Amino acid sequence: MASDLNHNQYRVIAIDGPAASGKSSVSQMLSEYLGFLHVNSGVMYRALAWSVLRAGIHANDDCAVVEHLRAIDLCCGISDNKATLTVGGVDPGGELKSSEVNSVVSAVSRVAEVRDVLVAKQREYLNVADIVMEGRDIGSVVFPETPYKFYIDASIEVRAKRRMKEGIVDDLAQRDAVDSSRETSPMVVADDAAVIDTSEMTLDEVLAEIIDRLRVSGLDALE
Ligand code: CDP
Ligand code: CDP
């Protein structure tokens, strides 16, 4: 289902950026501030990676990955104003952040057919709510029409430190490399996105900067 913001009453704020740039934290804070729904598109790719691992499928076997996605019931919804996700009725929860999932998620995300299916699910959210959606291609591919786009970044050293502090094994450089170089919807800075380098910023400072820019852009939720 293609999005057409001109005919849509709902608004979307796109927050893209590499791993551990602070997307989830800032998107959560911003969505609470605005009363918008927070949607993390990354969990959809992670859920597929998690399911592929459980099925014993090799993450680089594109055909098997696509076949698996077609066979499972990856269900994205909303409950109590929160985005929800289940696979075959099961909520994978914290397992989506495991080092095993981190190590294969970029491989399954490379596949064009995978992206078609998951992007369609992402777009459906805008039919029912104002959203803050985070990911890699939200401003460039999923909702290119939105005037509210941010690309938040930080140096690889700072991002690696942030992830290490969380106690999670995650080869950020490897994920960045695959995510940026894939053929379909690579991670890019959308032409009209505001870029914020958060290396030296606290989460509160990043949030304040985004709100300031949204106000300048005329987001009516801030009037
Ligand atoms: O939170 P973090 O940045 O570490 O990862 P994430 O946003 O949960 O995304 C996990 C992986 O999913 C990324 O490394 C990408 O391979 C993929 N992804 C994507 O390709 N496109 C998106 N819109 C979101 C995530
Ligand atoms: O979603 P993404 O992987 O981009 O990042 P995150 O999960 O929101 O942030 C990764 C870690 O860095 C979290 O523990 C945040 O609290 C921390 N962080 C920070 O200390 N300062 C920032 N400006 C951004 C994130």
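In this report, we go over the structure that sits alongside the text. All residue numbers refer to position in the chain's written sequence, counted from 1. Following the order in which they are written, the chains are lettered starting with A and the ligands numbered starting with 1. The model is predicted, so local features are restricted to residues of pLDDT at least 70 and side-chain atom pairs to those at 80 or more, both for listing and for counting; the totals for chains, interfaces and linings are taken over all residues. Neither water nor hydrogens contribute to the side-chain values; these are computed over all heavy atoms in the structure.

A few points about the environment of Ser140
Here is step 1: Every helix listed is a DSSP run of H or I at least four residues long, and every strand listed is a run of E at least two residues long, numbered separately from the N terminus. Mapped onto the secondary structure, Ser140 falls in helix α6 (residues 138–142).
Here is step 2: Partly exposed describes any residue whose relative accessible area lies between the buried limit of under 20% and the exposed limit of over 50%, with all areas from a 1.4 Å probe on protein chains only and scaled to the type maximum. For Ser140, a relative accessible area of 25% puts it in the partly exposed group.
Here is step 3: Residues Ser140 and Glu67, 73 residues apart in the sequence, show an inter-C-alpha distance of 27 Å.
Here is step 4: Two residues form a contact once any of their heavy atoms are found within 4.5 Å. When neighbours within four sequence positions are excluded, Ser140 is seen to be in contact with Asp16, Val188 and Ala190.

Here's the deal with the site of ligand 1
Here is step 1: Residues are classed as near a molecule or strand on a simple rule: at least one heavy atom within 4 Å of it. Contacts to ligand 1 come from 18 residues, most closely from Lys23, Arg46, Arg163, Arg175 and Asp179.
Here is step 2: Whenever two N or O atoms come within 3.5 Å, that pair is a polar contact, provided that in protein one can donate a hydrogen and the other can accept it, and provided that, for residues adjacent in sequence, both atoms are side-chain atoms. Here a nitrogen atom of ligand 1 sits 3.0 Å away from a polar atom, N or O, in the side chain of Ser41.
Here is step 3: In the environment of ligand 1, a nitrogen atom lies 2.9 Å from a nitrogen or oxygen atom belonging to the side chain of Asp137.
Here is step 4: What sets the accessible areas is the Shrake-Rupley method with a 1.4 Å probe; for residues, cover comes only from the shown protein chains. Bound to the protein, ligand 1 loses 97% of the 530 Å² it would expose on its own.
Here is step 5: Of the residues in the shell around ligand 1, the class split is four nonpolar, five polar and nine charged. Classes in brief: Ala, Val, Leu, Ile, Met, Phe, Trp, Tyr, Cys and Pro nonpolar; Asp, Glu, Lys and Arg charged; the others, Gly included, polar.

As for the site of ligand 2
Here is step 1: Taken together, the neighbourhood of ligand 2 is formed by 15 residues, with Ala20, Lys23, Ser24, Ser25 and Met201 sitting nearest.
Here is step 2: Interatomic distance of 3.1 Å between a backbone N/O atom of Ser21 and an oxygen atom of ligand 2.
Here is step 3: With respect to ligand 2, the backbone of Met201 contributes an N or O atom lying 2.9 Å from a nitrogen atom.
Here is step 4: Surface burial for ligand 2 is 79%, taken as the share of its 540 Å² of free accessible area covered by protein chains.
Here is step 5: Mapped by element, the contributors of at least two residues to the shell around ligand 2 are α1 (23–34) and α7 (156–165).
Here is step 6: The element best represented in the shell around ligand 2 is α1, accounting for three residues.
Here is step 7: Across the shell around ligand 2, the residue classes tally to five nonpolar, five polar and five charged.

A few points about the pairing of strand β1 (residues 12–16)
Here is step 1: Counting buried positions along β1 yields five of five residues, so the element is predominantly enclosed.
Here is step 2: Because side chains alternate across β1, one face comprises the buried residues Val12, Ala14 and Asp16, and the other comprises Ile13 and Ile15, equally buried.
Here is step 3: Pairing between strands requires that DSSP locate at least two bridges from one strand to the other. Pairing between β1 and strand β6 (residues 149–153): three bridges, direction parallel. Of the residues in β6, the one forming a bridge with Ala14 is Lys149.

Some remarks on the pattern of salt bridges
Here is step 1: Within this document, salt bridges are pairs made up of a side-chain nitrogen of Lys or Arg and a carboxyl oxygen of Asp or Glu, the two lying within 4 Å of each other. Following the criterion strictly, the structure yields twelve salt bridges and no others.
Here is step 2: Ionic pairing is found between Asp62 and Arg110, a salt bridge with its closest N-O pair at 2.9 Å. With Asp62 in helix α3 (residues 62–71) and Arg110 in the loop between α4 (99–109) and α5 (112–124), the pair connects residues that are 48 residues apart, well separated along the chain.
Here is step 3: The class for Arg110 is partly exposed, based on a relative accessible area of 26%.
Here is step 4: When salt bridges with common partners are traced through the structure, they connect Arg163, Glu166, Asp170 and Arg175 into a single cluster.

Examining the nonpolar core
Here is step 1: In terms of nonpolar packing, the biggest core is built from 37 residues, with Leu48, Leu74, Val114, Ile131 and Phe143 touching the most fellow members.
Here is step 2: By residue number, the principal contributor to this core is helix α2 (residues 42–54), which donates seven residues.
Here is step 3: What is meant by a nonpolar core is a set of buried Ala, Val, Leu, Ile, Met, Phe, Trp, Tyr and Cys residues, joined one to another through side-chain atoms within 4.5 Å. By size, the runner-up hydrophobic cluster in this structure holds 19 residues, among which are Phe150, Leu207, Leu219 and Leu222.

Looking at unusual backbone geometry
Here is step 1: A positive phi angle is found at Ala20, which is not glycine, with a value near 65 degrees.
Here is step 2: Within the secondary structure, Ala20 sits in the loop between β1 and α1.
Here is step 3: We classify Ala20 as buried; its relative accessible area is 10%.
Here is step 4: With phi around 50 degrees, Asp80 is a residue other than glycine that occupies positive phi space.
Here is step 5: Note that Asp80 resides in the loop between β3 (74–79) and β4 (82–87).

Some points on the sheet that holds strand β7 (residues 194–197)
Here is step 1: In spatial order, the strands read β2-β5-β1-β6-β7; together these five strands make up an open sheet with parallel pairing. The open sheet has two free edges, formed respectively by β2 (37–40) and β7, since each of these has just one partner strand. Averaged over all neighbouring strand pairs, the angle between strand axes comes to 20 degrees, with direction disregarded.
Here is step 2: Across four bridges, the pairing between β6 and β7 is parallel. Bridge pairing in β7 places Asp153 opposite Asp197. Here an axis means a line fitted to C-alpha atoms, over the contact stretch when the element is a helix, while the angle between two N-to-C directions is reported on a 0 to 180 degree scale.

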